[in-house]
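Listed below are the residues making up each chain.
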Amino acid sequence: MATPHIDASYGDFAPAVLMPGDPLRAQRMASILMPDAQLVTHVRGITGFTGELHGKPLSIMASGMGQPSLAIYATELFTQFGVQRIVRVGTAGSLRLDVHPGDVVIAMGAHTDSNFNDALVPGVRVSAVASYRLLSSAVAAADESMRVFVGTVHSADHFYGNPESQTEDLAAVGTLAVEMETAALYGLGAKFGKEALSVLTISDSIVNPEENMGAQERETTFQKALKLAVAAALSDEN
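Here's a quick rundown of the structure. Starting from 1, residues in each chain are numbered consecutively following that chain's sequence as written. Two thresholds apply to this predicted model, a pLDDT of at least 70 for residue-level local features and 80 or more for giving and counting side-chain atom pairs, whereas whole-chain, interface and lining totals are computed over all residues. Water and hydrogen atoms play no part in the side-chain values, which are based on all heavy atoms of the structure.

1. Some words on the packing of aromatic side chains
Right, so step 1: Whether two aromatic rings pair depends on their centres lying within 6.5 Å, for rings of Phe, Tyr and Trp, where Trp uses its six-membered ring; planes under 30 degrees apart make the pair stacked, over 60 edge-to-face, and the rest tilted. For the structure shown, the criterion picks out two aromatic pairs.
Right, so step 2: Between Phe-13 and Phe-81 the ring centres are 5.5 Å apart and the planes differ by 65°, which places this aromatic pair in the edge-to-face class. Taken together, the residues Phe-13 in the segment before β1 (16-19) and Phe-81 in the loop between α2 (67-80) and β5 (85-94) connect sequence positions 68 residues apart. Summarising the burial analysis for this pair, Phe-13 and Phe-81 share the class buried. Under the scheme used here, helices are H or I runs from DSSP no shorter than 4 residues and strands are E runs no shorter than 2 residues, and both carry numbers assigned from the N terminus. Only protein chains enter the calculation, and the probe is 1.4 Å; a residue is then buried if its accessible area is under 20% of its type maximum, exposed if over 50%, and partly exposed in between.

Spelled out as structure tokens, the structure:
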């Protein structure tokens, strides 16, 4: 049965879903990985595709920008379409001088200034953490050609207007990068007993803006992160 935001039927989505933010990136990923993939939903410009890769079913669907947008699609996928794991494949801004555009960050956990996860356990700040199984599968798939960092990210509610002091304080506690979706994804994974992971390409440097990618490069430089995300999404459950 279709939902308000996904025009598909149960069974149209694979148990594993890759989730970039941009619908064009979702289409590009599907064409790279599964040229014969079928379009299974297209509502409000958010596209979803399902096909087969390495003999296993796989879906790719965009989330839009920000935690509220991702939460709509992830909730419907987890609760209405039988999806068991979602791997976000997105971009992030580095908070450290040693993490550069083109590097890959695998988010072990996510800080956030959002109150999205506060309702999970009233009175308790629930930790937003990745599925260890998915995380370890992604790490194992990395090779010597990749610069891969594993650690925490910050899921910001605001793209503009974040104070510089906050950026410095986040870096001081070891935060690798800032983005806008992971904390909600990890919270929903915990809420519904599903698996979630974020594999992020560094597209910008908050601390060294001269390194920042241009718009076109930002939309096409994701192959390394995509390889790790696929390895996690298609990893066999024990």
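2. Quick notes on the environment of Leu-97
Right, so step 1: The topology assignment puts Leu-97 in the loop between β5 and β6 (104-112).
Right, so step 2: Exposure remark for Leu-97: the relative accessible area of 63% places this residue in the exposed category.
Right, so step 3: Sequence separation of Leu-97 and Ala-177 is 80 residues, and the distance between their C-alpha atoms is 11 Å.
Right, so step 4: The contact criterion used is simple: two residues touch if any of their non-hydrogen atoms lie within 4.5 Å. Excluding its chain neighbours within four sequence positions, the residues that come into contact with Leu-97 are Val-207 and Asn-208.

3. Quick look at the packing of α2 against helix α5 (residues 182-192)
Right, so step 1: Where α2 contacts α5, the axes come no closer than 9 Å and their chain directions differ by 25°. One finds that α2 runs roughly parallel with respect to α5. Along this stretch, α2 crosses α5, giving a crossing that reads as right-handed. Touching Gln-67, Leu-70, Ala-71, Ala-74, Thr-75, Phe-78 and Thr-79 of α2 are Ala-183, Ala-184, Leu-185, Leu-188, Gly-189 and Phe-192, all from α5.
Right, so step 2: Its residues assigned to classes, the contact of α2 with α5 shows nine nonpolar, four polar and no charged. Each axis is a line fitted through C-alpha atoms, and for a helix only the stretch in contact is used; angles between axes span 0 to 180 degrees, taken between their N-to-C directions. Angles below 35 degrees are treated as roughly parallel, those above 145 as roughly antiparallel, those between 65 and 115 as roughly perpendicular, and all remaining angles as oblique. By convention, the crossing between two helices is left-handed when the near helix turns anticlockwise from the far helix through less than a right angle, and right-handed when the turn is clockwise. Three residue categories are used. Nonpolar comprises Ala, Val, Leu, Ile, Met, Phe, Trp, Tyr, Cys and Pro, charged comprises Asp, Glu, Lys and Arg, and polar comprises the others, including Gly.

4. Structural notes on the pairing of strand β4 (residues 56-61)
Right, so step 1: Across two bridges, the pairing between β1 and β4 is parallel. Note that in β4 the partner of Leu-18 across the bridge is Ile-60.
Right, so step 2: In this analysis, strands are considered paired if DSSP registers two or more bridges between them. In this structure, strand β3 (residues 46-53) lies alongside β4, joined through six bridges in antiparallel fashion. Of the residues in β4, the one forming a bridge with Thr-50 is Ser-59.
Right, so step 3: Between β3 and the antiparallel strand that follows it, β4, lie two residues; His-54 among them carries a positive phi value of about 55°.

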